[in-house]
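Architecture and fold: a report
Chain by chain, the residues:
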Amino acid sequence: MGRFKTPRDSRAIGTNLLLFAITTVMFALMLEIRWTFLYGPGPSGYVIGVFWILYSIYFLAFAFRYADRGFARIGAAVCAISAISFIAALISVFRFNSGIIMFNSLYPLMVEYAIAIPVLMATLFGFYFLKNNFRHARAVAVALFITAIALFFFYQLYIFGYSGIGSDDEMVIAYFSLHYALAGHNPYDFSSAKILFSNGTRYGFTLLTNNTVVGRLDYPALFMFLGAPFYSMFAGTAASVMDHGNSIGYLALLLVSLFLFASFAGKRILGDFRILAPAIVVFMLYSLQIVSFQYPFMVIMLLLMLRFAKSRYLFLILGIAASVQELLWVPVLLAIVYVFSTKGIRDGLKLVAMGAIVFLAINGYFIALGPGTFIAQVFKPLNGNLVPFYFSPGSFLIQEFYPIPLSAYSVFFYLLVAASALITAYSGNRLTILTGMFISYMAIDHSLIVYFLMPVAVMASAIAMGTRFDEKSILKAFLKSHGFESLKFLASTLSALSIIAILALVYFHAQYESNFGLRVISQSMHHYGNSTLYNVSLYDPVGNMGAYVLEYYYTYNSESNVAGLNLTNESYNSYITNSTCKSGCNVSGYTNNNLIRLEKGTDSLHFYVPANASSVECAFYSDRYFYLCPSIYT
């Protein structure tokens, strides 16, 4: 592996990584606003969406210029823009809420930082001694490792009461699917929908655009099998086993990720806190965002992917990563492209074949049980049938200004993956495995903060590995030998992809307008006693269309006003609600969703919300379409 050539490189990397860390923290806080307040009523959504595009460009450039002193000027400018954007988004949020919700969501994260950073520091010092020839260095390193592990579990399990963290719908589905598989059945046939219905306030659920919920396993098999060793440590009710098993699993794998981060840090970098300190901060941003053991495991796989990109055993890492969750399919694909570009077609084909064998070894039994079921379930998250409560910022901008069918986002996703693969193949820079993963999520129509921070966190830790990642590319050498200049080739290829994207966008928008085309004509709010009546008039060019409507609101200071869904059907069938109405429908209560049939032309709906509601929004959706009403304030 290459080393930094001069002290000047180290200074430049330290400066650029510091600016990257500050900008990333601001970006993460803006994503936290979107996650906490759904779409963030008011201009915050637009501010964050525009900055997301700028950050994507900066993130890609950082992969190539992180050791360049001149790049610091660009980093400083983006850093300043990020601070202004964050302040603007925060001011917008305080218009309809005091910010108490956001603080309460950040508080556990701050507690985790207080625990994990001292643990990681002890681990880093341990590897510093281990990689240097000090007297008794190994003994000191072992003592520091033992101290880090003991401190981590002592504070987590006993001081902060982290032994029962709860579970979400993904964990419930994985748990019961695992038990169904161990009983000899096909886990992809088992539905946990009734369990989620009857425990909706405890676990939550993921709503689909046909008004059903995700109840069956829709990830590859390793996602459920990861929990087996942790669940086997406990007995009791399913809820108790899940809570404690998830807790121990998360803590164990988070600790492993901290140790990997420290062990991969280069010997020289371990003594250079200009580089190490900002890398630590950014790495923690992701690692402590979500309490689910699958996600730190995914970070572990990305770290291994970057660290061993040139290893003959890379196929094992890729096969395992592809078997965890679809989020990792993009970096797996880009890692394969990287090998094709840097080692050649023969090595690339060998990697694909052996990686496929590993994937089949993990998933083959379940594929054999029902090939159609496995394929349908595993590809379901890519089909655009999730209600897009958390549009990625890029998709939010499209939907606000030029709406398209939900299924169309997959086309733009594939175009961005193709562009990322091209950049990886042409540059031979393995950091583009991470930038391509990040940029591809621009077209996701259902996203969470954790999706964006995963590759960003690994980018920071990759820089701390002390390795140069700009390597020779067979594709670049081949094209150069045939007279193709780098900039012209990339510009022409990316321009072609952009033209395809624009044409697709125009086509899909026309499809949206002719088949759905809803838009708000007017909105108003009137107070009636302890309630507020929210009236919305719509223009429907199609008419007699069955669509679901969802309304949610925010109040100024109540923590309980986090938008969500309430189950209203106690029959535990596949529908949450199935009420129908014509013009002038009255919908009351907090985030109810109802099936309605709108008349062609102008139609109206009336929503009842509490008198202290500060803002109200509504959304209409069907199997293929989604429309978000503009926010209205009291």
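Quick caveat: nothing in here was measured; it's all calculated off a predicted structure.

1. Focus: the packing of aromatic side chains
All chains considered together, the criterion is met by 45 aromatic pairs. Summarising the aromatic geometry, the rings of F51 and Y55 are spaced 6.2 Å apart at their centres and angled 45° between planes, so their arrangement reads as tilted. Highlighted residues: F51 and Y55, both in helix 2 (residues 44–65), separated by 4 residues, approximately one helical turn. Across this residue pair, the class does not change: F51 and Y55 are buried. With centroids separated by 6.1 Å and ring planes inclined at 80°, the aromatic side chains of F264 and F308 adopt a geometry described as edge-to-face.

2. Describing unusual backbone geometry
Trans is the prevailing form of peptide bonds, just as negative phi is the prevailing case for residues other than glycine. For H136, which is not a glycine, the phi torsion comes out positive at approximately 60°. Relative to the elements of secondary structure, H136 occurs in the loop between helix 4 (100–130) and helix 5 (137–159). A relative accessible area of 54% places H136 in the exposed class.

3. Thoughts on the nonpolar core
In this structure, F20, M305 and M454 are the most contacted members of the largest nonpolar core, which totals 185 residues. Per element, the largest residue contribution to this core is 14 residues, and it comes from helix 11 (residues 238–264). Excluding anything up to four places from it in sequence, F20 contacts Y55, Y58, F59, F62, V282, V456, M459 and A460. Ranked by size, the runner-up nonpolar core spans 23 residues in total, among them M525, Y534, L538 and F607.

4. Considerations on the environment of F259
Position of F259 among the secondary structure elements: in helix 11. Along the backbone, F259 and I300 are 41 residues apart, and their C-alpha atoms lie at a distance of 10.0 Å. Setting aside anything within four residues of it in sequence, one finds F259 in contact with T123, F127, F145 and I149.

5. Remarks on the pairing of strand 2 (residues 531–540)
Most of strand 2 sits inside the fold, with 8 of its 10 residues counted as buried. Here strand 1 (residues 519–528) runs beside strand 2; their pairing, made up of 9 bridges, is antiparallel. Opposite R519, over in strand 2, you have Y539 as the bridge partner. Where strand 2 meets strand 6 (residues 601–610), 10 bridges bridge the pair, whose relative direction is antiparallel. Across the sheet, the residue bridging to Y534 is F607, located in strand 6.

6. Quick word on the packing of helix 13 (residues 294–307) against helix 14 (residues 314–322)
Interaxial distance between helix 13 and helix 14 falls to 10 Å at its minimum, and their mutual angle equals 155°. The angle between helix 13 and helix 14 places the two elements in the roughly antiparallel class. Pair helix 13 / helix 14 crosses with left-handed handedness. Packed against helix 13, whose contacting residues are F297, M301, L304 and M305, the element helix 14 presents L314, I317, L318, I320 and A321 at the interface. Considering only residue class, the contact of helix 13 with helix 14 consists of 9 nonpolar, no polar and no charged.

7. Observations concerning the environment of I500
Looking at the element boundaries, I500 is found in helix 23 (residues 486–515). Between the C-alpha atom of I500 and that of L415, which follows or precedes it by 85 residues, the distance is 8.5 Å.

8. Some words on the pattern of salt bridges
Scanning all chains against the criterion turns up 3 salt bridges. D68 is the salt-bridge partner of R65, the closest N and O atoms lying 2.5 Å from each other. With relative accessibility at 36%, the residue R65 sits in the partly exposed group. Note that D189 and R216 form a salt bridge whose closest N and O atoms lie 4.0 Å from each other. With D189 in the loop between helix 6 (169–182) and helix 7 (193–198) and R216 in the loop between helix 8 (200–203) and helix 9 (222–225), this pair connects stretches of sequence that are 27 residues apart. On the accessibility criterion, D189 (43% relative accessible area) is partly exposed.

9. Comments concerning helix 23
Its 30 residues place the ends of helix 23 43 Å apart at the C-alpha level, agreeing with the 44 Å of an ideal helix rising 1.5 Å per residue. Turning to helix 23, its buried residues are F489, L497, A501, A504, F508, H509, Q511 and Y512. Among the structural elements, helix 18 (393–401), helix 19 (409–427), helix 22 (474–481) and strand 8 (626–628) are those in contact with the buried residues of helix 23. Of the residues trailing helix 23, G517 is marked for its positive phi of about 65°.

The rules we used
All residue numbers refer to position in the chain's written sequence, counted from 1. Reporting in this predicted model follows two pLDDT cut-offs: at least 70 for local features of residues, and 80 or more for side-chain atom pairs to be given and counted; totals over whole chains, interfaces and linings ignore these cut-offs and use all residues. Side-chain measures here rest on the full set of heavy atoms in the structure, leaving out hydrogens and waters. Geometry of aromatic contacts follows a simple scheme: Phe, Tyr and Trp rings, the Trp one being its six-membered ring, pair when their centres are within 6.5 Å, and the pair is stacked under 30 degrees between planes, edge-to-face over 60, tilted otherwise. Runs of E in the DSSP output that reach at least two residues are strands. Runs of H or I that reach at least four are helices, and both are numbered from the N terminus. Whether a residue is buried, partly exposed or exposed follows from its accessible area with a 1.4 Å probe, protein chains only, as a fraction of its type maximum: under 20%, in between, or over 50%, in that order. What makes a nonpolar core is a set of buried Ala, Val, Leu, Ile, Met, Phe, Trp, Tyr and Cys residues whose side-chain atoms join them at distances within 4.5 Å. Throughout, a contact is declared for two residues whenever any of their heavy atoms are within 4.5 Å. When DSSP finds at least two bridges between two strands, those strands are taken to pair. Throughout, an axis means a line fitted to C-alpha atoms (over the contacting stretch in the case of helices), and angles, computed between N-to-C directions, take values from 0 to 180 degrees. Relative orientations are named as follows: roughly parallel for angles under 35 degrees, roughly antiparallel for angles over 145 degrees, roughly perpendicular for angles from 65 to 115 degrees, and oblique for any other angle. The hand of a helix crossing depends on one turn: near helix anticlockwise from the far one by less than a right angle means left-handed, and clockwise means right-handed. Each residue is assigned to one class: nonpolar for Ala, Val, Leu, Ile, Met, Phe, Trp, Tyr, Cys and Pro, charged for Asp, Glu, Lys and Arg, and polar for all the others, Gly among them. Put simply, a salt bridge is a Lys or Arg side-chain nitrogen that is within 4 Å of an Asp or Glu carboxyl oxygen. Expected helix span is computed as 1.5 Å times (number of residues minus one).

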